[in-house]
Amino acid sequence: MSKRTGLNRQLFWLYEGTGRASFWFRWALLAFDFVTIAYFLWAPFDQRERGHHVIDYVIGGVILVDLMARLYIAGPRHRFFLKWINWADMVVVVTMFAPLLVSNFAFLRILRAVRAVRAFTFIRRVKVLTPFFQRHERIIDKVTNLVVFVFVMSAITYATQVGRNEDINAYTDAVYFTVTVLTTTGFGDIIMEDEFGRWLAIFTMVLGLSLFFQLLRAIVEPENRVDCECETCGLLRHDRDAVHCKHCGAPIKIKTEGIS
């Protein structure tokens, strides 16, 4: 932080610092993320009126400014491009500002749903909610990944099957198909008729089931480790009942709810 000056310092403080202003700034970004995700799910790919294009440009502008600000404070800069979430935002920006050029790929806007991962990361850092997340961190993490996966796969299913599969005519149909495949329910009312669709169903089933089983495992198996940074060596993960750091031996104090 000491090496940063001017605008770079101010932006870094808003995105990574502590204080009331940075706290509310990051909450505002999270609220914007969820509003845009809801907007894309409400009318993700259908023909839009002129008013919708104005909303698209406004949303795209905000996402672009946020993207450029995060690139500006990133250090080193090349690591910014190694994060898949940043690439997802860049794809979304292109689809927002060039709807005519990428109309066939408008479904990629649903990649905005990956920002839900940022929500989980930020909320976990809020001290007021720390005890809750210490108890349910694994479950919330797995639920977030599963929900994002369902949204993205539904978007791909919709974009590739509408007009080719008479059983899929709306985004709801795509979500319904994705969930039935993921859970291996297989009602048979919606089936894939081409080779690409069948491979898509296979991919959804295999990867989706792995995410679903990870969620079940997180629910059934208790988490034996918690986040509690050692003040001496900085080790973050410790056993839930630890009283000393395994790395340096320094005493640590893990907050607990006590015995009921």
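Residues numbered from 1 in each chain as written. Predicted model: local features only at pLDDT ≥ 70, side-chain atom pairs only at ≥ 80, totals over all residues. Heavy atoms only, no water.

### Overview of the overall build of the chain
- If you tally the helices and strands in the chain, you get eight helices and two strands.
- Expressed as a percentage of its 260 residues, the buried residues of the chain come to 40%.
- Counted over contacts in the chain with a minimum sequence separation of 6, partners at least 24 positions apart contribute 52%.
- Working note: accessible area of the chain is about 16000 Å², and carbon and sulfur atoms make up 64% of it. (Helix = DSSP H or I, 4+ residues; strand = E, 2+ residues; numbered from the N terminus. Buried < 20%, exposed > 50% of the residue type's maximum accessible area, 1.4 Å probe, protein only. Contact = heavy atoms within 4.5 Å. Areas by Shrake-Rupley, 256 points an atom, 1.4 Å probe, with all protein chains shown as cover.)

### Regarding the pattern of salt bridges
- Applying the stated criterion to the full structure yields three salt bridges.
- Of the charged contacts, one joins Arg70 and Asp66 as a salt bridge, the two residues approaching to 3.2 Å between their closest N and O atoms. Of this pair, Arg70 and Asp66 both sit in helix H3 (residues 50-73), four residues apart, which is roughly one turn of the helix.
- The class of Asp66 is buried, set by a relative accessible area of 6%.
- Linking Arg164 and Asp194 is a salt bridge whose minimum nitrogen-to-oxygen distance equals 2.6 Å. Here Arg164, found in the loop between helix H6 (130-161) and helix H7 (171-182), pairs with Asp194, found in the loop between H7 and helix H8 (195-220); they are 30 residues apart in sequence, far enough to count as distant.
- With relative accessibility at 51%, the residue Arg164 sits in the exposed group. (Salt bridge = Lys/Arg side-chain N within 4 Å of Asp/Glu carboxyl O.)

### Considerations on helix H4 (residues 84-97)
- The end-to-end C-alpha distance of H4 is 20 Å, a good match for the 20 Å that 14 residues give at a rise of 1.5 Å each.
- Taken together, the buried positions of H4 are Ile85, Asn86, Ala88, Asp89, Val92, Val93, Thr95 and Met96. (Expected span 1.5 Å × (residues − 1).)

### So, the packing of aromatic side chains
- Summed over all chains, the structure comprises four aromatic pairs.
- Residues Phe80 and Phe81 carry aromatic rings whose centres are separated by 5.4 Å and whose planes lie at 85° to one another, so their mutual orientation is edge-to-face.
- Measuring from centroid to centroid gives 6.3 Å for Phe212 and Phe213, while their planes differ by 55°, and the two rings are tilted.
- Among the aromatic residues, those joined into a cluster by ring pairs are Phe80, Phe81 and Trp87. (Phe/Tyr/Trp six-rings, centres within 6.5 Å; stacked < 30°, edge-to-face > 60°.)

### Focus on helix H1 (residues 6-16)
- Buried within H1 are the following residues: Asn8, Leu11 and Tyr15. The buried residues of H1 occupy an angular sector of 70° when the element is viewed end-on, so they sit on one face. (Arc of directions from axis to C-beta.)

### Here's the deal with the state of the cysteines
- With the rule as written, the count across this model stands at zero disulfides.
- Left without a disulfide partner, Cys230 is nearest to the cysteine sulfur of Cys248, which lies 3.7 Å away.
- A residue is classified by how much of its surface remains accessible, and Cys248, at 35% relative accessible area, is partly exposed. (Disulfide = S-S within 2.5 Å.)

### Examining a nonpolar patch on the surface
- Judged by side-chain polarity, Tyr57, Leu64, Met68 and Phe97 come together as a nonpolar surface patch covering roughly 370 Å² of accessible area.
- One can find Leu64 in helix H3. (Patch = residues over 30% accessible without salt bridge, like charges linked within 9 Å, V, L, I, M, F, W, Y side chains within 5 Å.)

### Digging into the nonpolar core
- One finds Leu146, Phe149, Val150, Met153, Leu182, Leu200, Leu211 and Leu215 forming the largest nonpolar core, which totals eight residues.
- Secondary-structure elements contributing two or more residues to this core are H6 and H8.
- Here this core takes four residues from H6, the largest share from any one element.
- For Met153, the contacting residues outside a window of four places in its chain are Thr178, Leu200, Phe203 and Thr204. (Core = buried A, V, L, I, M, F, W, Y, C linked by side-chain atoms within 4.5 Å.)

### Quick look at the environment of Met205
- Following the sequence through the fold, Met205 ends up in helix H8.
- Sequence separation of Met205 and Leu182 is 23 residues, and the distance between their C-alpha atoms is 4.8 Å.
- Contacts of Met205, omitting those with residues within four sequence positions, involve Val181 and Thr184.

### Comments concerning the environment of Arg77
- The residue Arg77 is located in the loop between H3 and H4 in this model.
- For Arg77, a relative accessible area of 42% corresponds to the partly exposed category.
- If we ignore the near neighbours within four places in the chain, the residues touching Arg77 are Leu71 and Tyr72.
- Within the structure, Arg77 has its side chain in polar contact with the backbone oxygen of Tyr72 (distance 3.0 Å).
- Only 3.3 Å separates the side chain of Arg77 from the backbone oxygen of Ala74, close enough to count as a polar contact. (Polar contact = N/O pair within 3.5 Å; in protein donor to acceptor, adjacent residues only side chain to side chain.)

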